[in-house]
Amino acid sequence: MITIERFILDQEEKYPEATGELSNLLYDIALAAKIIAAAIRRAGLVNILGSAGATNVQGEEQQKLDIFANETMTNALNHTGRVCVMASEEDEQIIPVPSQYPSGKYAVLYDPLDGSSNIDVNGAVGTIFSIYRRVSLEGRGSEADVLQPGCRQVAAGYVIYGSSTMLIYSTGQGVAGFTLDPSIGEFLLSHPKIVTPRVGKYYSVNESNFARWTKGTQWAVRGFHGDRPEEITGKNSRYIGSLVADFHRNLLAGGIFMYPADSKNTRGKLRLLYEASPMAFIAEQAGGSATDGVHRILDIVPDNLHQRTPLVIGSREDVGYVADTLRRMGEG
Ligand code: AHM
Ligand code: MG
(Lines give C-alpha, C1' and ligand atoms only; values in the text may rest on other atoms or scores of the structure.)
(Ligands and ions follow the chains in the order given, each with its own letter.)
Protein backbone atom coordinates (compact mmCIF):
# COMPACT_ATOMS: atom_id res chain seq x y z
CA MET A 1 0.00 0.00 0.00
CA ILE A 2 1.61 3.25 -1.12
CA THR A 3 0.17 6.51 0.18
CA ILE A 4 0.42 9.69 -1.85
CA GLU A 5 2.85 11.03 0.74
CA ARG A 6 5.25 8.12 0.32
CA PHE A 7 4.99 8.26 -3.46
CA ILE A 8 5.77 11.99 -3.57
CA LEU A 9 8.72 11.49 -1.19
CA ASP A 10 10.08 8.60 -3.28
CA GLN A 11 9.88 10.78 -6.38
CA GLU A 12 11.63 13.63 -4.61
CA GLU A 13 14.52 11.39 -3.52
CA LYS A 14 15.44 10.95 -7.18
CA TYR A 15 16.35 14.66 -7.25
CA PRO A 16 19.07 15.51 -4.72
CA GLU A 17 18.60 19.23 -5.39
CA ALA A 18 14.88 19.10 -4.44
CA THR A 19 14.04 21.09 -1.32
CA GLY A 20 10.75 19.32 -0.66
CA GLU A 21 8.69 22.45 -1.22
CA LEU A 22 6.94 21.12 -4.30
CA SER A 23 6.18 17.89 -2.44
CA ASN A 24 4.63 19.84 0.40
CA LEU A 25 2.64 21.91 -2.05
CA LEU A 26 1.20 18.71 -3.53
CA TYR A 27 0.18 17.51 -0.03
CA ASP A 28 -1.49 20.88 0.57
CA ILE A 29 -3.56 20.31 -2.57
CA ALA A 30 -4.32 16.70 -1.55
CA LEU A 31 -5.61 18.00 1.79
CA ALA A 32 -7.82 20.59 0.07
CA ALA A 33 -9.12 17.80 -2.20
CA LYS A 34 -10.14 15.71 0.82
CA ILE A 35 -12.00 18.65 2.37
CA ILE A 36 -13.80 19.43 -0.91
CA ALA A 37 -14.61 15.72 -1.43
CA ALA A 38 -16.20 15.55 2.02
CA ALA A 39 -18.37 18.60 1.23
CA ILE A 40 -19.41 17.15 -2.14
CA ARG A 41 -20.44 13.86 -0.53
CA ARG A 42 -22.91 15.83 1.61
CA ALA A 43 -24.15 18.01 -1.27
CA GLY A 44 -27.35 16.03 -1.77
CA LEU A 45 -28.19 16.56 1.90
CA VAL A 46 -28.15 20.34 1.57
CA ASN A 47 -31.91 20.49 1.13
CA ILE A 48 -32.34 18.45 4.27
CA LEU A 49 -29.67 20.14 6.35
CA GLY A 50 -30.14 23.67 5.02
CA SER A 51 -29.63 25.34 1.65
CA ALA A 52 -26.94 27.76 0.55
CA GLY A 53 -27.36 31.07 2.30
CA ALA A 54 -28.97 29.34 5.29
CA THR A 55 -27.28 28.88 8.63
CA ASN A 56 -26.31 25.42 9.83
CA VAL A 57 -26.45 24.01 13.34
CA GLN A 58 -23.06 25.41 14.29
CA GLY A 59 -24.28 28.87 13.28
CA GLU A 60 -22.00 28.88 10.22
CA GLU A 61 -23.40 30.03 6.96
CA GLN A 62 -23.85 27.28 4.37
CA GLN A 63 -21.98 28.08 1.23
CA LYS A 64 -22.45 27.15 -2.34
CA LEU A 65 -20.00 24.40 -3.19
CA ASP A 66 -18.08 26.34 -5.81
CA ILE A 67 -17.41 29.17 -3.37
CA PHE A 68 -16.52 26.65 -0.69
CA ALA A 69 -14.11 24.83 -3.03
CA ASN A 70 -12.48 28.09 -4.05
CA GLU A 71 -11.93 29.20 -0.47
CA THR A 72 -10.69 25.77 0.53
CA MET A 73 -8.02 25.81 -2.19
CA THR A 74 -6.96 29.37 -1.38
CA ASN A 75 -6.82 28.74 2.38
CA ALA A 76 -4.86 25.51 1.93
CA LEU A 77 -2.18 27.36 -0.03
CA ASN A 78 -1.93 30.97 1.12
CA HIS A 79 -0.19 30.65 4.50
CA THR A 80 2.45 27.99 3.85
CA GLY A 81 5.34 30.07 2.56
CA ARG A 82 5.49 27.91 -0.55
CA VAL A 83 3.36 30.13 -2.79
CA CYS A 84 3.92 33.71 -3.98
CA VAL A 85 0.63 34.22 -5.80
CA MET A 86 -2.48 32.31 -6.84
CA ALA A 87 -5.09 32.64 -9.55
CA SER A 88 -8.51 31.01 -9.67
CA GLU A 89 -11.15 30.65 -12.33
CA GLU A 90 -13.53 32.08 -9.74
CA ASP A 91 -11.57 35.29 -9.11
CA GLU A 92 -11.26 38.21 -11.48
CA GLN A 93 -7.74 39.18 -10.34
CA ILE A 94 -4.70 37.30 -9.07
CA ILE A 95 -4.93 36.30 -5.41
CA PRO A 96 -2.06 37.66 -3.34
CA VAL A 97 -0.63 35.88 -0.31
CA PRO A 98 -1.79 37.86 2.77
CA SER A 99 1.00 40.11 4.05
CA GLN A 100 1.32 38.31 7.41
CA TYR A 101 2.47 35.14 5.62
CA PRO A 102 5.80 34.52 3.89
CA SER A 103 5.99 34.58 0.11
CA GLY A 104 7.23 31.40 -1.62
CA LYS A 105 8.66 30.32 -4.94
CA TYR A 106 5.61 28.82 -6.68
CA ALA A 107 2.56 30.26 -8.41
CA VAL A 108 -0.55 28.06 -8.27
CA LEU A 109 -3.60 28.32 -10.53
CA TYR A 110 -6.83 26.39 -10.13
CA ASP A 111 -10.34 25.75 -11.26
CA PRO A 112 -11.73 24.85 -7.84
CA LEU A 113 -14.94 23.13 -8.98
CA ASP A 114 -15.04 22.33 -12.66
CA GLY A 115 -18.30 21.16 -14.18
CA SER A 116 -20.26 22.62 -11.27
CA SER A 117 -23.57 22.48 -13.16
CA ASN A 118 -23.35 18.69 -12.58
CA ILE A 119 -23.59 19.11 -8.81
CA ASP A 120 -27.37 19.52 -8.80
CA VAL A 121 -27.83 16.21 -10.64
CA ASN A 122 -25.26 14.21 -8.65
CA GLY A 123 -22.81 14.12 -11.58
CA ALA A 124 -19.03 14.02 -11.42
CA VAL A 125 -17.11 17.26 -10.91
CA GLY A 126 -13.46 18.04 -10.35
CA THR A 127 -10.72 20.41 -9.24
CA ILE A 128 -7.91 21.26 -11.67
CA PHE A 129 -4.53 22.69 -10.62
CA SER A 130 -1.42 24.03 -12.29
CA ILE A 131 1.92 24.97 -10.69
CA TYR A 132 4.64 27.26 -12.07
CA ARG A 133 7.93 28.43 -10.66
CA ARG A 134 7.91 32.10 -9.79
CA VAL A 135 9.55 34.33 -12.44
CA SER A 136 9.18 37.80 -10.90
CA LEU A 137 12.41 38.85 -9.21
CA GLU A 138 11.06 41.06 -6.47
CA GLY A 139 7.91 41.79 -4.51
CA ARG A 140 5.35 39.21 -3.48
CA GLY A 141 4.36 37.72 -6.82
CA SER A 142 2.67 39.32 -9.80
CA GLU A 143 0.61 38.55 -12.87
CA ALA A 144 3.81 37.61 -14.72
CA ASP A 145 4.12 34.59 -12.41
CA VAL A 146 0.81 33.16 -13.58
CA LEU A 147 0.84 34.28 -17.23
CA GLN A 148 3.30 31.61 -18.33
CA PRO A 149 2.95 29.14 -21.20
CA GLY A 150 1.86 25.64 -20.15
CA CYS A 151 5.20 24.09 -21.12
CA ARG A 152 6.71 25.81 -18.07
CA GLN A 153 4.42 24.05 -15.61
CA VAL A 154 6.41 22.18 -12.98
CA ALA A 155 3.36 20.15 -12.02
CA ALA A 156 -0.30 19.89 -12.88
CA GLY A 157 -3.18 17.64 -12.07
CA TYR A 158 -6.80 17.22 -11.23
CA VAL A 159 -9.06 15.65 -8.67
CA ILE A 160 -12.19 13.87 -9.83
CA TYR A 161 -15.07 13.56 -7.38
CA GLY A 162 -16.82 10.60 -8.97
CA SER A 163 -17.92 7.23 -7.61
CA SER A 164 -14.50 7.40 -5.94
CA THR A 165 -12.39 10.49 -5.42
CA MET A 166 -9.16 10.30 -7.41
CA LEU A 167 -6.16 12.60 -7.65
CA ILE A 168 -4.12 12.45 -10.84
CA TYR A 169 -0.93 14.46 -11.19
CA SER A 170 2.34 14.81 -13.01
CA THR A 171 5.57 16.59 -12.20
CA GLY A 172 6.87 15.89 -15.69
CA GLN A 173 7.92 12.25 -15.12
CA GLY A 174 4.76 10.53 -16.29
CA VAL A 175 1.33 10.51 -14.72
CA ALA A 176 0.29 8.82 -11.49
CA GLY A 177 -3.20 8.33 -10.08
CA PHE A 178 -4.37 7.89 -6.48
CA THR A 179 -7.74 6.84 -5.12
CA LEU A 180 -9.05 8.18 -1.83
CA ASP A 181 -9.76 5.42 0.67
CA PRO A 182 -12.53 7.07 2.67
CA SER A 183 -12.15 4.65 5.57
CA ILE A 184 -8.64 5.93 6.36
CA GLY A 185 -8.81 9.33 4.66
CA GLU A 186 -5.69 8.68 2.54
CA PHE A 187 -5.01 8.82 -1.17
CA LEU A 188 -3.51 5.43 -2.14
CA LEU A 189 -1.55 4.76 -5.31
CA SER A 190 -3.94 2.98 -7.68
CA HIS A 191 -2.55 3.93 -11.12
CA PRO A 192 1.28 4.09 -10.93
CA LYS A 193 1.91 4.99 -14.56
CA ILE A 194 -0.98 6.12 -16.72
CA VAL A 195 -0.39 5.79 -20.44
CA THR A 196 -3.25 6.73 -22.73
CA PRO A 197 -3.93 4.60 -25.85
CA ARG A 198 -2.63 6.07 -29.14
CA VAL A 199 -6.07 5.65 -30.68
CA GLY A 200 -9.17 6.00 -28.56
CA LYS A 201 -12.59 4.43 -28.67
CA TYR A 202 -14.52 7.49 -27.48
CA TYR A 203 -15.15 11.01 -28.73
CA SER A 204 -16.57 13.65 -26.43
CA VAL A 205 -17.98 16.91 -27.72
CA ASN A 206 -21.15 18.94 -27.19
CA GLU A 207 -22.90 18.15 -30.48
CA SER A 208 -25.71 20.61 -29.82
CA ASN A 209 -23.22 23.20 -31.13
CA PHE A 210 -22.81 21.34 -34.45
CA ALA A 211 -24.56 23.99 -36.61
CA ARG A 212 -22.32 26.71 -35.15
CA TRP A 213 -19.02 24.90 -35.84
CA THR A 214 -16.72 25.62 -38.74
CA LYS A 215 -16.87 23.30 -41.75
CA GLY A 216 -13.57 21.73 -40.69
CA THR A 217 -14.82 20.85 -37.21
CA GLN A 218 -18.07 19.46 -38.62
CA TRP A 219 -16.12 17.39 -41.11
CA ALA A 220 -13.80 16.01 -38.43
CA VAL A 221 -16.70 15.03 -36.16
CA ARG A 222 -18.47 13.32 -39.07
CA GLY A 223 -15.42 11.08 -39.19
CA PHE A 224 -16.11 10.09 -35.58
CA HIS A 225 -19.68 9.26 -36.61
CA GLY A 226 -18.23 6.71 -39.01
CA ASP A 227 -19.03 8.75 -42.14
CA ARG A 228 -15.44 8.74 -43.45
CA PRO A 229 -14.30 5.12 -43.02
CA GLU A 230 -11.44 5.60 -45.49
CA GLU A 231 -9.86 8.07 -43.04
CA ILE A 232 -10.93 7.07 -39.56
CA THR A 233 -12.89 4.32 -37.84
CA GLY A 234 -16.06 5.61 -36.18
CA LYS A 235 -16.05 6.04 -32.41
CA ASN A 236 -18.44 5.76 -29.53
CA SER A 237 -19.86 9.04 -28.17
CA ARG A 238 -19.59 9.94 -24.47
CA TYR A 239 -20.21 13.43 -23.07
CA ILE A 240 -20.88 14.36 -19.47
CA GLY A 241 -20.31 18.12 -19.73
CA SER A 242 -17.70 18.01 -17.00
CA LEU A 243 -14.21 18.41 -18.44
CA VAL A 244 -12.50 16.50 -15.63
CA ALA A 245 -14.85 13.53 -15.93
CA ASP A 246 -14.82 13.48 -19.75
CA PHE A 247 -11.05 13.84 -19.86
CA HIS A 248 -10.46 11.22 -17.16
CA ARG A 249 -12.51 8.56 -18.95
CA ASN A 250 -10.74 9.24 -22.21
CA LEU A 251 -7.31 9.27 -20.54
CA LEU A 252 -7.82 5.79 -19.13
CA ALA A 253 -9.87 4.20 -21.93
CA GLY A 254 -8.54 6.19 -24.89
CA GLY A 255 -10.43 8.93 -26.65
CA ILE A 256 -10.64 12.53 -27.71
CA PHE A 257 -12.33 15.49 -26.02
CA MET A 258 -13.08 18.64 -28.00
CA TYR A 259 -14.45 22.04 -27.13
CA PRO A 260 -13.96 23.81 -30.43
CA ALA A 261 -14.62 27.44 -31.26
CA ASP A 262 -18.08 28.14 -32.67
CA SER A 263 -19.91 31.14 -34.07
CA LYS A 264 -21.08 32.08 -30.54
CA ASN A 265 -17.86 31.31 -28.64
CA THR A 266 -15.28 32.37 -31.18
CA ARG A 267 -12.37 31.49 -28.86
CA GLY A 268 -14.03 28.35 -27.52
CA LYS A 269 -15.36 28.12 -23.99
CA LEU A 270 -12.64 26.65 -21.82
CA ARG A 271 -9.96 28.69 -20.05
CA LEU A 272 -6.37 28.29 -21.10
CA LEU A 273 -4.80 28.72 -17.67
CA TYR A 274 -7.20 26.82 -15.42
CA GLU A 275 -8.43 24.07 -17.73
CA ALA A 276 -6.62 23.60 -21.05
CA SER A 277 -2.97 23.97 -19.96
CA PRO A 278 -3.01 21.66 -16.93
CA MET A 279 -5.00 19.02 -18.81
CA ALA A 280 -2.64 19.34 -21.79
CA PHE A 281 0.33 18.76 -19.46
CA ILE A 282 -1.27 15.56 -18.15
CA ALA A 283 -2.29 14.43 -21.66
CA GLU A 284 1.26 14.83 -23.02
CA GLN A 285 2.81 13.17 -19.99
CA ALA A 286 0.52 10.19 -20.60
CA GLY A 287 1.54 9.98 -24.28
CA GLY A 288 -1.42 11.94 -25.68
CA SER A 289 -1.54 15.44 -27.11
CA ALA A 290 -3.48 18.70 -27.03
CA THR A 291 -3.97 21.48 -29.54
CA ASP A 292 -6.22 24.48 -30.13
CA GLY A 293 -6.55 23.16 -33.68
CA VAL A 294 -3.41 24.95 -34.89
CA HIS A 295 -0.99 25.36 -31.98
CA ARG A 296 0.16 22.98 -29.29
CA ILE A 297 -1.71 24.12 -26.14
CA LEU A 298 1.48 24.06 -24.04
CA ASP A 299 3.17 26.57 -26.39
CA ILE A 300 0.47 29.24 -26.15
CA VAL A 301 1.73 32.31 -24.28
CA PRO A 302 -1.22 33.72 -22.32
CA ASP A 303 -1.87 37.45 -22.34
CA ASN A 304 -4.77 37.53 -19.93
CA LEU A 305 -5.83 35.61 -16.86
CA HIS A 306 -9.17 34.38 -18.14
CA GLN A 307 -8.22 33.81 -21.77
CA ARG A 308 -10.25 31.14 -23.53
CA THR A 309 -9.03 28.64 -26.06
CA PRO A 310 -10.48 25.98 -28.35
CA LEU A 311 -9.34 22.58 -27.05
CA VAL A 312 -8.78 19.26 -28.81
CA ILE A 313 -7.17 16.80 -26.40
CA GLY A 314 -6.60 13.10 -25.90
CA SER A 315 -5.25 10.13 -27.80
CA ARG A 316 -2.40 11.22 -30.05
CA GLU A 317 -3.61 9.83 -33.37
CA ASP A 318 -7.15 11.13 -32.89
CA VAL A 319 -5.94 14.64 -32.05
CA GLY A 320 -3.63 14.44 -35.10
CA TYR A 321 -6.60 13.45 -37.28
CA VAL A 322 -8.58 16.53 -36.19
CA ALA A 323 -5.59 18.86 -36.73
CA ASP A 324 -4.97 17.34 -40.21
CA THR A 325 -8.63 17.70 -41.15
CA LEU A 326 -8.66 21.38 -40.11
CA ARG A 327 -5.43 21.98 -42.07
CA ARG A 328 -6.85 20.37 -45.20
CA MET A 329 -9.99 22.48 -44.89
CA GLY A 330 -7.83 25.62 -44.73
CA GLU A 331 -8.55 26.23 -41.04
CA GLY A 332 -5.25 25.10 -39.57
P1 AHM B 1 -17.21 25.52 -15.52
O2 AHM B 1 -15.75 25.68 -15.23
O3 AHM B 1 -17.96 26.81 -15.36
O4 AHM B 1 -17.83 24.37 -14.79
O5 AHM B 1 -17.36 25.24 -17.12
C6 AHM B 1 -16.53 24.35 -17.75
C7 AHM B 1 -17.31 23.14 -18.18
C8 AHM B 1 -16.39 21.98 -18.47
O9 AHM B 1 -16.24 21.16 -17.34
C10 AHM B 1 -17.12 21.26 -19.56
O11 AHM B 1 -16.25 20.57 -20.39
C12 AHM B 1 -17.82 22.36 -20.30
O13 AHM B 1 -17.97 23.41 -19.39
C14 AHM B 1 -19.17 21.93 -20.78
O15 AHM B 1 -19.75 22.96 -21.50
P16 AHM B 1 -21.13 22.76 -22.32
O17 AHM B 1 -22.21 22.66 -21.29
O18 AHM B 1 -21.23 23.99 -23.16
O19 AHM B 1 -20.99 21.53 -23.15
MG1 MG C 1 -14.12 24.95 -15.28
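Residues numbered from 1 in each chain as written. Chains lettered and ligands numbered in written order. Predicted model: local features only at pLDDT ≥ 70, side-chain atom pairs only at ≥ 80, totals over all residues. Heavy atoms only, no water.

Participant: Which residues make up the domain arrangement of the chain, and what values do they have?
Facilitator: As assigned here, the chain comprises domain 1 (4-191) and domain 2 (202-328). The partner domain 2 presents 31 residues to the 46 residues of domain 1 that form the contact. For the pair domain 1 and domain 2, the two sides together bury roughly 2600 Å², of which 67% comes from carbon and sulfur. The largest contributions to the domain 1 side of the interface with domain 2 come from E89, L147 and Y158, which together make up 22% of the buried area. Between domain 1 and domain 2 we count zero salt bridges in total. (Domains from an automatic or database assignment. Contact = heavy atoms within 4.5 Å. Buried area = accessible area lost by both parts, 1.4 Å probe. Salt bridge = Lys/Arg side-chain N within 4 Å of Asp/Glu carboxyl O.)

Participant: Before we move on, can you summarise empty space enclosed by the protein with the specific residues and values?
Facilitator: Under the counting rule described, the total for this entry stands at one cavity of 30 Å³ or more. The wall of the largest cavity is formed by T196, F247, N250, L251, G255, F257, A283, G288, I313 and G314. Contributions of two or more residues to the lining of the largest cavity are made by α7 (243-253), β11 (255-259) and β13 (311-314). The dominant element in the lining of the largest cavity, judged by the number of residues it contributes, is α7, at three residues. Class assignment of the residues belonging to the lining of the largest cavity gives a composition of five nonpolar, five polar and no charged. (1 Å grid on protein atoms, 1.4 Å probe; cavity = no way out; pocket = protein on both sides within 12 Å on 5 of 7 lines; lining within 4 Å. Points joined across faces, edges and corners; volume = space filled by probe spheres on them. Helix = DSSP H or I, 4+ residues; strand = E, 2+ residues; numbered from the N terminus. Nonpolar A, V, L, I, M, F, W, Y, C, P; charged D, E, K, R; others polar.)

Participant: Please give an account of the site of ligand 1 that cites residues and values.
Facilitator: Taken together, 15 residues lie around ligand 1, and G115, N206, Y239, L243 and Y259 are the ones closest in. With respect to ligand 1, the backbone of L243 contributes an N or O atom lying 2.7 Å from an oxygen atom. Isolated, ligand 1 exposes 480 Å² of accessible area, and the fraction of that covered by the protein chains is 77%. Contributions of two or more residues to the shell around ligand 1 are made by β3 (106-114) and β11. Counted by class, the shell around ligand 1 contains five nonpolar, five polar and five charged residues. (Near = heavy atom within 4 Å. Polar contact = N/O pair within 3.5 Å; in protein donor to acceptor, adjacent residues only side chain to side chain. Areas by Shrake-Rupley, 256 points an atom, 1.4 Å probe, with all protein chains shown as cover.)

Participant: Mind laying out the coordination of the magnesium ion (ligand 2), listing which residues take part and the relevant values?
Facilitator: Surrounding the magnesium ion (ligand 2) are the protein donor atoms D111 (OD), D114 (OD) and E275 (OE), which sit 1.9 to 2.2 Å from the metal. Each donor residue of the magnesium ion (ligand 2) belongs to the same chain, with the gaps between them written as D-x2-D-x160-E. Remark: E275 occurs in helix α8 (residues 272-285) and D114 occurs in strand β3; sequence separation between them is 161 residues. (Donors = N, O, S within 2.8 Å, 3.2 Å for Na, K, Ca; no water.)

Participant: Can you explain the nonpolar core? Please cite residues and give values.
Facilitator: If you look at the biggest cluster of nonpolar residues, it comprises 42 residues, and the most contacted ones within it are L113, I131 and Y161. Looking at this core element by element, the count peaks at 11 residues for helix α2 (residues 21-41). Non-local contacts of L113, meaning those with residues more than four positions away in its chain, are made with I36, I40, L65, D66, A69, I119, V125, G126 and Y161. Formed by 31 residues, the second largest nonpolar core is a distinct cluster that contains I128, L251, A280 and I297. (Core = buried A, V, L, I, M, F, W, Y, C linked by side-chain atoms within 4.5 Å. Buried < 20%, exposed > 50% of the residue type's maximum accessible area, 1.4 Å probe, protein only.)

Participant: Go over unusual backbone geometry with me, naming the residues and quoting the values.
Facilitator: Located in the positive-phi region is N122, a residue other than glycine, with phi close to 60°. The topology assignment puts N122 in the loop between β3 and β4 (125-133). The exposed category is assigned to N122, whose relative accessible area is 75%.

Participant: Would you mind going over the layout of surface pockets in detail, with residue names and values included?
Facilitator: Within this model, the second largest pocket holds a volume of roughly 500 Å³. Residue lining of the second largest pocket: 26 residues in total, with Y15, A18, L22, T171 and Q173 positioned closest to the centre. Going through the elements one at a time, α1 (4-13), α2 and β6 (165-170) are the ones with two or more residues in the lining of the second largest pocket. Residue composition of the lining of the second largest pocket, by class: 12 nonpolar, eight polar and six charged.

Participant: Report on the sheet that holds strand β2 (residues 95-96), specifying residues and quantitative values.
Facilitator: If you trace the eight strands from one edge of the open sheet to the other, you get β2-β1-β3-β4-β5-β6-β7-β8, paired in mixed fashion. Two strands bound the open sheet, and with one partner strand each, they are β2 and β8 (186-191). Here five bridges tie strand β1 (residues 83-88) to β3, and the two strands are oriented parallel to one another. Residue pairing for β3: V83 is matched across the bridge by Y106. Packed on one face of the sheet, α1 meets β6, β7 (176-181) and β8 and runs near 5° to β6. (Pairing = 2+ DSSP bridges. Axes fitted to C-alpha atoms, helices over the stretch in contact; angles between N-to-C directions.)

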